[in-house]
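For reference, the chains in residue letters:
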Amino acid sequence: MSTIQLALNDVACTGCIGKIKKKMKKYHGVEKVTVVPGSGTIQVIYNETIIHQDEIQSTIHKLALRIFD
């Protein structure tokens, strides 16, 4: 298992962050998603043999953009 922590600078709303968290949990290989309180970051624990860090970063970026559409 690996861990990545990503800043969600453009996503200020806790509801929006919650939507990203909920959708990320559904991805195959993602084990746990945690919003780090007060930091504007999200922590993802994942199986690196199933999903890669760049895929997670890209997916979170796309989800954040969709929320503002």
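The structure this text deals with has already been given above.
Residues numbered from 1 in each chain as written. Predicted model: local features only at pLDDT ≥ 70, side-chain atom pairs only at ≥ 80, totals over all residues. Heavy atoms only, no water.

### Quick word on the sheet that holds strand β2 (residues 30-36)
Right, so step 1: The strand order β1-β3-β2 describes an open sheet built from three strands, whose pairing is antiparallel. Edge positions in the sheet fall to β1 (2-7) and β2, since each of these pairs with one other strand and no more. When strand polarity is set aside, the average angle formed by the axes of neighbouring strands in this sheet is 20°.
Right, so step 2: Relative to strand β3 (residues 41-46), β2 runs antiparallel, the two being bridged by six bridges. Paired with Thr34 across the strands is Gln43, a residue of β3.
Right, so step 3: Contacting β2 and β3, helix α1 (residues 14-25) crosses the sheet at an angle of about 170° to β2. (Pairing = 2+ DSSP bridges. Helix = DSSP H or I, 4+ residues; strand = E, 2+ residues; numbered from the N terminus. Axes fitted to C-alpha atoms, helices over the stretch in contact; angles between N-to-C directions. Contact = heavy atoms within 4.5 Å.)

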